[in-house]
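One letter stands for each residue in the lines below.
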Amino acid sequence: MDTDEKRGLARNVAGYGDRDFSLYLRRSFARSMGYSPAMLERPVVGIVDTSSGYNNCHRTVPELIEAVRRGVLAAGGLPLPFPTISLCEPALFPTSMHYRNLAALDTEAMLSAQPMDAAVLVGGCDKTVPAQLMAAASADLPVVGLVTGPMLATFYQGERLAACTDCRRYWAAYRAGRVSAERIGEIEGRLATTAGTCGVMGTASTMACLAETLGFLPAGTASIPAVHAERLAAAEAAGALAMRLIEAPVRPSQLITRESVENALTVLLALGGSTNALIHLTAIAGRRGIAVDLRRLNELSDATPVLVDLKPTGDGYMEDFHAAGGLPALLHEIKDLLHLSAIDVTGRSLGERLATPPVFVDRRIIRARAEPISPVGGLVALFGSLAPRGAILKRSAATPALFEREARALVFDGLEDLARRIDDPDLDVTPEDFLVLKNAGPLSAAGMPEAGYLPIPQKLARAGVKDMVRISDCRMSGTAFGTIVLHVAPEAAAGGPLALVETGDRIRLSVAERRLDLLVEDAVLARRRAAWQARPAPARGWNRLVAEQVLQADEGCDLAFMKPADAKT
Ligand code: FES
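Only a predicted model underlies this, so the values are computations on that prediction, with no experimental measurement involved.

Q: Whenever I open this one, the state of the cysteines confuses me. Can you help?
A: Cysteine pairs can be covalently joined through their sulfur atoms, and such a bond is termed a disulfide. Evaluated as defined, the whole model comprises 1 disulfide. Here Cys164 is linked by a disulfide to Cys167, with a sulfur-sulfur distance of 2.3 Å. Here Cys164 and Cys167 share a disulfide; its torsion about the S-S bond, -125 degrees, makes the bridge left-handed. Just as Cys164 is buried, Cys167 falls in that class too. The thiol of Cys88 is unpaired, and the distance to the nearest cysteine sulfur, on Cys57, comes to 4.5 Å.

Written out as structure tokens, the structure reads:
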């Protein structure tokens, strides 16, 4: 009997008080699945299965797992898939973000509790990859990341469509009366026509690219379309790589370093990537005690051009990015901005990976440094009396004419208030107003949904208004666009200054100065603060734990007690 604690089924034996009996029982029960004794001697690769009937983005996970198993078996290991919770972006109330930390908790617990020597993390939809990387960072087990990959765009009446920038664009046109009910119904069936994650540089694609930058995904695999054979080949290779990690471990603690996190920030900026990725990267880095400084983000943003021409910042789709050379081509283009000592899961340094220039790069999609989409990065952090700990603006998907403004606030107290009044024909609103949504941050009952893309009030939309300044403590979809200030911290539900804003107040936005200020006298704010009351905490369950533990956006919205002991806030 193999009683080596460091290998295979002999790891993490259950606590029956007699270690040999515990292993005997485990093997006996494993034999009931028909495994030969020789198979049970093999090193074990766990395979995280995040598929579910609710998760369209993970529809291909079963065949990916089959391919991973093939890779593990061929390399002499025992592949053991196991489920963790599955988070599909549009399928969860109040929002998938509310459950990202639950997925991270679940995944970390199963990686740590079950016997395995390495694991392949199969994920894809927005919250899955962040949760898996947070879990891996804490469990510090050697892992290989494998994403499901993006969907393909499809032609509809001569126009290419894919979820979900096009969803939002068409919905806005429908609200403005420019698209009929019949046509919007037809388009509903044409936006997501293949398996895979959203087909633009939304959160899922951004996180896949950041996971590759951090070194968790083998080079070049972030953008392989979900339905390509290449994706299955990457799955098989991930299984084989996990086996190599058992002999020559590269642990998450070696991948998540100050340098690799800064590389990921730089890539996020060059991609014109999702604002959500900033929260997730902060949470992942936080698991290793590394803080992401929003002022450093601004420095990097001023030095990093946007080079990738994909929706929502540009025009292309993820399949174009992959065909153009994918992340390796982008990394090569910004090589001088990166820390080349950072290693990936194969143990190679970024410098080694980028030693040879790519054979082909489609410059329509991945621009040369001399011809950027924008000479500066896609995201900026704003600070000021309305956001003492910061707020985020995706300037690459915003309207520069709105960047330097002082205007009247039109305030909505929460999502219900917004839904009730935004389309009221009598709403007192002008295109110059700033729309402000409060009580939608991580601590709120709303759970920080992707509601920061407040709809343009219908009467203005119908008059042709396409963008307004919108400010909130929630998030927006990585596929959305507009002059939208997000992640205001501290949030309203935590008693941040946002809680005190009232309709009619003046707010000043200056992107040039990185400022967001509430122009209300201190004495008035003090009176409002004295009258402000926190909402009662939920009585039980996950909601209660979130209410007690969730951190603000600038700290990645992780649960405070999940950070390393020496980094607790
Ligand atoms: Fe899953 Fe967009 S809904 S990636």
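Picking up after the structure, the text goes on.
Q: What am I meant to see in the nonpolar core here?
A: Considering soluble globular proteins, one finds that nonpolar side chains tend to be buried as a cluster. One finds Leu111, Val120, Phe216, Val267, Phe321 and Leu330 to be the most contacted residues of the largest nonpolar core, which totals 112 residues. Discounting residues that sit within four places of it in the chain, Val267 has contacts with Leu210, Thr213, Leu327, Leu330, Leu331, Ile334 and Leu338. Membership of the second largest hydrophobic core comes to 30 residues, among which are Leu402, Phe403, Val488 and Ile507.

Q: What's the story with the pattern of salt bridges in this structure? I'm lost.
A: Close approach of charged atoms allows side chains of opposite charge to pair. Evaluation of the coordinates by the stated rule reveals 37 salt bridges. Ionic pairing is found between Arg169 and Glu159, a salt bridge with its closest N-O pair at 2.8 Å. Placement of the pair is Arg169 in helix H6 (residues 165–175) and Glu159 in strand E6 (residues 159–161), with a sequence separation of 10 residues. Overall, Arg169 belongs to the partly exposed group, its relative accessible area being 30%. Given the relative accessible area of 24%, Glu159 is considered partly exposed. Arg287 serves as the salt-bridge partner of Asp558, at 2.6 Å between the closest nitrogen and oxygen. Of this pair, Asp558 sits in the segment after helix H20 (541–549) while Arg287 sits in the loop between helix H12 (276–286) and helix H13 (294–303), placing them 271 residues apart in sequence. The two residues Asp558 and Arg287 agree in class, both being buried.

Q: Could you clarify how one ought to interpret the layout of surface pockets in this entry?
A: Gaps left between atoms are located by rolling a probe of water-molecule size over the structure's atoms. What the second largest pocket holds in volume is close to 440 Å³. In terms of lining, the second largest pocket is formed by 19 residues, of which the most central are Asp413, Gly414, Asn439, Ala445 and Ala446. Along the lines of polarity and charge, the residues of the lining of the second largest pocket split into 9 nonpolar, 4 polar and 6 charged.

Q: Just to check I follow, could you spell out a nonpolar patch on the surface for this structure?
A: Together, Tyr16, Phe21 and Tyr24 make up an exposed nonpolar region whose accessible area comes to about 360 Å². On the secondary structure map, Tyr24 appears in helix H1 (residues 19–31). For Tyr24, a relative accessible area of 52% corresponds to the exposed category.

Q: Would you explain the pairing of strand E3 (residues 118–123) in this entry?
A: Most of E3 is tucked away: 6 of the 6 residues are buried. The two faces of E3 match: Ala118, Val120 and Val122 on one face and Ala119, Leu121 and Gly123 on the other face are all buried. Pairing analysis gives 4 bridges linking strand E1 (residues 44–49) to E3, with the strands arranged parallel. Along E3, the bridge assignment pairs Val45 with Ala118.

Q: I would appreciate a short explanation of the packing of helix H8 (residues 203–214) against helix H15 (residues 326–333) in the present structure.
A: Helices that pack against each other are described as a pair by the angle of their axes relative to one another and the distance between those axes. Viewed as axis vectors pointing N to C, H8 and H15 meet at an angle of 65 degrees, and their least axial separation amounts to 11 Å. Along this stretch, H8 crosses H15, giving a crossing that reads as right-handed. Touching Cys209, Glu212 and Thr213 of H8 are Leu327, Pro328 and Leu331, all from H15.

Q: What should I look at first to understand unusual backbone geometry in this one?
A: The phi angle of most residues is negative, glycine excepted, and most peptide bonds adopt the trans form. Each neighbour pair has its own omega, and for Lys311 with Pro312 the value is 5 degrees, a cis peptide bond. For Pro312, the position within the fold is in the loop between H13 and helix H14 (318–324). Omega for the peptide link from Ala489 to Pro490 comes to 0 degrees, which places this bond in the cis form. With respect to the helices and strands, the residue Pro490 is situated in the loop between strand E12 (484–486) and strand E13 (506–510). Of note, Asp140 is a non-glycine position whose phi angle comes to about 55 degrees, a positive value. With respect to the helices, strands and loops of the structure, Asp140 is situated in the loop between helix H5 (128–139) and strand E4 (143–147). Positive phi, normally seen in glycine, also occurs at His487, with a value near 55 degrees. With respect to the secondary-structure elements, His487 resides in the loop between E12 and E13.

Q: Hey, could you run me through the sheet that holds E1 in this one?
A: Strand pairing in a sheet is mediated by backbone hydrogen bonds. Such pairs are either parallel or antiparallel. With parallel pairing, the 4 strands of this open sheet are ordered in space as E2-E1-E3-E4. A strand with exactly one partner marks an edge of an open sheet, and here the two such strands are strand E2 (78–83) and E4. Across the sheet, the axes of successive neighbouring strands diverge by a mean angle of 20 degrees, strand direction being ignored. As paired elements, E3 and E4 share 5 bridges and run parallel to each other.

Q: Would you take a moment to explain the side chain of Thr197 for this structure?
A: Inspection of the secondary structure assignment puts Thr197 in the loop between helix H7 (181–188) and H8. Judged by its relative accessible area of 4%, Thr197 falls in the buried class. Discounting residues that sit within four places of it in the chain, Thr197 has contacts with Cys57, Gly124, Cys125, Thr148, Gly149, Pro150, Met151 and Ala204.

Q: Looking at this structure, I do not really get the side chain of Asp473. What am I missing?
A: By secondary structure assignment, the location of Asp473 is in the loop between strand E11 (470–472) and E12. There is no salt bridge for the buried Asp473, and the closest opposite charge comes from Lys438, which lies 9.0 Å off by N-O distance. Among the polar contacts listed, one links the side chain of Asp473 to the backbone nitrogen of Ala440, at a separation of 3.0 Å. At 2.9 Å, the side chain of Asp473 forms a polar contact with the backbone nitrogen of Ala492.

Q: So what exactly am I meant to see when it comes to the environment of Arg168 here?
A: Here Arg168 shows up in helix H6. Along the chain, Arg168 and Gly314 lie 146 residues apart, while their C-alpha atoms are 15 Å from each other. Setting aside anything within four residues of it in sequence, one finds Arg168 in contact with Glu450, Tyr453, Ser477, Thr479, Ala480 and Phe481.

Rules and cut-offs
- Residues numbered from 1 in each chain as written.
- Predicted model: local features only at pLDDT ≥ 70, side-chain atom pairs only at ≥ 80, totals over all residues.
- Heavy atoms only, no water.
- Disulfide = S-S within 2.5 Å.
- Buried < 20%, exposed > 50% of the residue type's maximum accessible area, 1.4 Å probe, protein only.
- Core = buried A, V, L, I, M, F, W, Y, C linked by side-chain atoms within 4.5 Å.
- Contact = heavy atoms within 4.5 Å.
- Salt bridge = Lys/Arg side-chain N within 4 Å of Asp/Glu carboxyl O.
- Helix = DSSP H or I, 4+ residues; strand = E, 2+ residues; numbered from the N terminus.
- 1 Å grid on protein atoms, 1.4 Å probe; cavity = no way out; pocket = protein on both sides within 12 Å on 5 of 7 lines; lining within 4 Å.
- Points joined across faces, edges and corners; volume = space filled by probe spheres on them.
- Nonpolar A, V, L, I, M, F, W, Y, C, P; charged D, E, K, R; others polar.
- Patch = residues over 30% accessible without salt bridge, like charges linked within 9 Å, V, L, I, M, F, W, Y side chains within 5 Å.
- Areas by Shrake-Rupley, 256 points an atom, 1.4 Å probe, with all protein chains shown as cover.
- Pairing = 2+ DSSP bridges.
- Axes fitted to C-alpha atoms, helices over the stretch in contact; angles between N-to-C directions.
- Left-handed = near helix turned anticlockwise from the far one by under 90°.
- Lys, Arg positive; Asp, Glu negative; His and termini not counted.
- Polar contact = N/O pair within 3.5 Å; in protein donor to acceptor, adjacent residues only side chain to side chain.

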